[in-house]
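# Structural overview for review
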Amino acid sequence: TDPFSTEVKPRILLMGLRRSGKSSIQKVVFHKMSPNETLFLESTNKICREDVSSSSFVNFQIWDFPGQIDFFDSSFDYEMIFRGTGALIFVIDSQDDYMEALTRLQLTVTSAYKLNPDINFEVFIHKVDGLSDDHKIETQRDIHQKANDDLVDAGLEKLHLSFYLTSIYDHSIFEAFSKVVQKLIPQLPTLENLLNIFISNSGIEKVFLFDVVSKIYIATDSSPVDMQTYELCCDMIDVVIDISCIYGLEGAEIPYDKESLAIIKLNNTTVMYLKEVTKFLALVCFVREESFERKGLIDYNFHCFRKAIQEVFEVRLKVLPSRKQIQKI
Ligand code: GDP
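Residues numbered from 1 in each chain as written. Predicted model: local features only at pLDDT ≥ 70, side-chain atom pairs only at ≥ 80, totals over all residues. Heavy atoms only, no water.

### A word on unusual backbone geometry
Most peptide bonds are trans, and most residues other than glycine sit at a negative phi. Going by this rule: Buried, partly exposed and exposed residues are distinguished by accessible area as a fraction of the type maximum, computed with a 1.4 Å probe on protein chains only: under 20%, between the cut-offs, and over 50%, respectively. Working definition: helices are DSSP H or I runs of at least four residues, strands are E runs of at least two. Numbering for both runs from the N terminus.
In this structure, Arg19 is a non-glycine residue whose phi angle is positive, near 70 degrees. When its relative accessible area of 55% is taken as the criterion, Arg19 is described as exposed. You will see that Lys127, though not glycine, has its phi angle at about 65 degrees, which is positive. Along the chain, the position of Lys127 falls in the loop between β5 (120-126) and α4 (133-153).

Spelled out as structure tokens, the structure:
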């Protein structure tokens, strides 16, 4: 049987009012569309299912709902959908009056929660590129407060909402998606452990494990992530893939294989080192120049890391329960 059959794939639902930015998010994150091109996207008016599993490690599906869903419409099996959902992302347009969106959010999460309390509820306060820094914080505070007040009124204090400020015009949308996806990876603690061991034995400062196609990072070591470092990684992946697309092998779905690697020296005595890990994943490391002199050691440890990670994901094919189920055991 197909190890990645639909039951095993964590499914992410992307919901929100019409024009809140759902299709744009999907196109920018998974289809490399440039943010400006989204201005010409046609508005969605049908439920459309997007499966990005073929070229991406991230095995989830996006259900793009039209803004106005009718939960009492019996032609649509919400029960079946919510039961199979790992995370529900609700997109709110922060540049618009968001009262209506909040009403919808409340209706959506309460319905979903009743059918499946294990869903992760993620709220993207979106299009924040149009807001000043003060206005961003104020909007987040206001939305957070109103949304949670509504839940308390409905007696659903246990329902937890996570909030993210996002925009397709910078890396915030990738960062938010990374966090949403990470919560759905059962092996995350193991991966983080392996990364910690790898860097402490190799003199590496920081490391990210990336899904190359979407530039979602699925794990990192336990030192804090700063946005600039993450953005540098995204830029590096773009450069490597773009150059490979232009000059690399023809015919490959993405020009990325076992031989893929890149080294970039920054002007602050740091070296960035990118290496292929699996068909979909790459490691991006930040190493001080003097530590990079022991590249043989790094490569040896990398080899061990790669073997370990392949074992982790082989187990993944066999282990079916979700992370939440595992935690319960
Ligand atoms: P959907 O109906 O929810 O799928 O919304 P669309 O993806 O069609 O987006 C509606 C409009 O919002 C488009 O004109 C997009 O260019 C715009 N948009 C989407 N995301 C952003 C964002 O992060 N910032 C800004 N300023 N505009 C955005």
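### As for the site of the ligand
Spelled out, the test is: Being near a molecule or strand, for a residue, comes down to having at least one heavy atom within 4 Å of it. For the purposes of these results, a polar contact is taken to be a pair of N or O atoms within 3.5 Å, where, inside protein, one atom must be able to donate a hydrogen and its partner to accept one; residues adjacent in sequence count only when each atom of the pair is a side-chain atom. We place a 1 Å grid over just the protein atoms. Points where a 1.4 Å probe fits but has no way out form a cavity, open points with protein on both sides within 12 Å along at least 5 of 7 lines form a pocket, and any residue with an atom within 4 Å of a point lines it. Pocket occupancy is defined atom-wise: a molecule lies in a cavity or pocket when more than half of its atoms are within 2 Å of its grid points. Only Asp, Glu, Lys and Arg are considered charged in this grouping, and only Ala, Val, Leu, Ile, Met, Phe, Trp, Tyr, Cys and Pro are considered nonpolar; every other residue, Gly among them, is considered polar.
With respect to spatial proximity, 18 residues lie near the ligand, and among them Lys22, Ser23, Ser24, Thr38 and Asp129 are the closest. Take Gly21: an N or O atom from its main chain is 3.0 Å from an oxygen atom of the ligand. A distance of 2.4 Å separates an oxygen atom of the ligand from a polar side-chain atom of Ser23. With respect to the pocket detection grid, the ligand is positioned in the second largest pocket. A class-by-class count of the residues in the shell around the ligand yields 4 nonpolar, 9 polar and 5 charged.

### Thoughts on the layout of surface pockets
Test applied: Grid points are joined across faces, edges and corners, and a volume is the space filled by probe spheres set on the points.
Its volume calculated, the second largest pocket comes out at about 390 Å³. Surrounding the second largest pocket, 20 residues form its lining, Arg19, Gly21, Ser24, Thr38 and Lys127 being those nearest its centre. By residue number, the principal contributor to the lining of the second largest pocket is helix α1 (residues 22-30), which donates 3 residues.

### Some remarks on helix α3 (residues 99-115)
To be explicit about the condition: Each helix should span, by expectation, one fewer than its residue count multiplied by 1.5 Å. By the convention used here, residues are in contact when the closest approach between their heavy atoms is within 4.5 Å.
With 17 residues, α3 extends 25 Å from end C-alpha to end C-alpha; this agrees with the ideal 24 Å at 1.5 Å per step. Within the sequence span of α3, burial applies to Ala101, Leu102, Arg104, Leu105, Gln106, Thr108, Val109, Thr110, Ser111, Ala112 and Tyr113. Where the residues of α3 are buried, they touch β1 (11-16), α2 (78-83), β4 (85-93), β5, α4 and β6 (161-166).

### Topic: the side chain of Thr270
Note on placement: Thr270 falls in strand β10 (residues 270-276). Accessibility expressed as a relative area gives 14% for Thr270, which makes it buried. Here Asn268 takes part through its side chain, which lies 3.1 Å from a polar atom of the side chain of Thr270.

### Structural notes on a nonpolar patch on the surface
For the record, the criterion: Only residues whose relative accessible area exceeds 30% and that take part in no salt bridge are eligible for patches, with like-charged residues grouped when within 9 Å of each other and nonpolar side chains (Val, Leu, Ile, Met, Phe, Trp, Tyr) grouped when within 5 Å. Shrake-Rupley sampling with a 1.4 Å probe provides the accessible areas, and residues are treated as covered by the protein chains on show and by no other component. For this document, the term salt bridge refers to a Lys or Arg side-chain nitrogen within 4 Å of an Asp or Glu carboxyl oxygen.
On the surface, Val239, Ile243, Ile246 and Tyr247 cluster together to form a nonpolar patch covering roughly 470 Å² of accessible area. Relative to the helices and strands, Val239 is located in helix α7 (residues 227-247). The partly exposed category is assigned to Val239, whose relative accessible area is 44%.

### Points about the packing of α3 against α4
What counts is decided by this rule: A fitted line through C-alpha atoms serves as each axis, taken over the contacting stretch for helices, and the angle formed by two N-to-C directions is quoted from 0 to 180°. Relative orientations are named as follows: roughly parallel for angles under 35 degrees, roughly antiparallel for angles over 145 degrees, roughly perpendicular for angles from 65 to 115 degrees, and oblique for any other angle. By the definition used in this description, the sense in which the near helix is turned from the far one sets the handedness, with an anticlockwise turn below a right angle giving left-handed and a clockwise turn giving right-handed.
Look at α3 against α4: their axes get within 10 Å of each other, and the N-to-C directions meet at 45 degrees. In this view, α3 runs oblique relative to α4, as classed from their interaxial angle. Read as a crossing pair, α3 and α4 show a hand that is right-handed. Along its contact with α3, which presents Met99, Leu102, Leu105, Gln106, Val109 and Thr110, the element α4 presents Ile143, Lys146, Ala147, Asp150 and Leu151. Looking at the contact of α3 with α4 residue by residue, the class counts come to 7 nonpolar, 2 polar and 2 charged.

### Notes on the pairing of strand β7 (residues 204-211)
Defined as follows: A pair of strands is labelled paired if DSSP reports no fewer than 2 bridges between them.
β7 sits mainly inside the fold: 7 of its 8 residues count as buried. Strand direction decides the pairing type here: β7 and strand β11 (residues 281-288), joined by 7 bridges, are antiparallel. Considered in β11, the bridge of Asp211 is made with Leu281. Where β7 lies against strand β8 (residues 216-220), 4 bridges are found, and the strand directions are antiparallel. Its bridge partner lying in β8, Phe210 is registered against Tyr217. Taken together, β7 and the strand that follows it, β8, pair antiparallel across an intervening segment of 4 residues, in which Lys215 is found at a positive phi of about 60 degrees.

### Observations regarding the environment of Arg83
By the secondary structure assignment, Arg83 is in helix α2. Taking C-alpha positions, Arg83 is 30 Å from Arg141, a pair spaced 58 residues apart along the chain. Contacts of Arg83, omitting those with residues within four sequence positions, involve Leu115 and Asn116. Within polar-contact distance, the side chain of Arg83 engages the backbone oxygen of Leu115 at 2.9 Å.

### Section: the environment of Gly155
Tracing the backbone through its elements, the reader meets Gly155 in the loop between α4 and β6. Gly155 sits in the partly exposed class, given a relative accessible area of 48%. A C-alpha to C-alpha distance of 22 Å links Gly155 and Tyr98, two positions 57 residues apart in sequence.

### Quick word on the nonpolar core
Here is the rule: Among the buried residues, those of types Ala, Val, Leu, Ile, Met, Phe, Trp, Tyr and Cys that are joined through side-chain atoms within 4.5 Å form a nonpolar core.
In terms of nonpolar packing, the biggest core is built from 65 residues, with Phe124, Phe177, Phe198, Leu209, Phe210 and Leu283 touching the most fellow members. When residues no more than four places from it in sequence are discounted, the contact partners of Phe210 are Lys215, Ile216, Tyr217, Tyr230, Cys233, Cys234, Ile237, Phe280, Leu281, Ala282 and Val284. Within the second largest apolar cluster, 29 residues are counted, among which are Phe82, Ile92, Ala101 and Val109.

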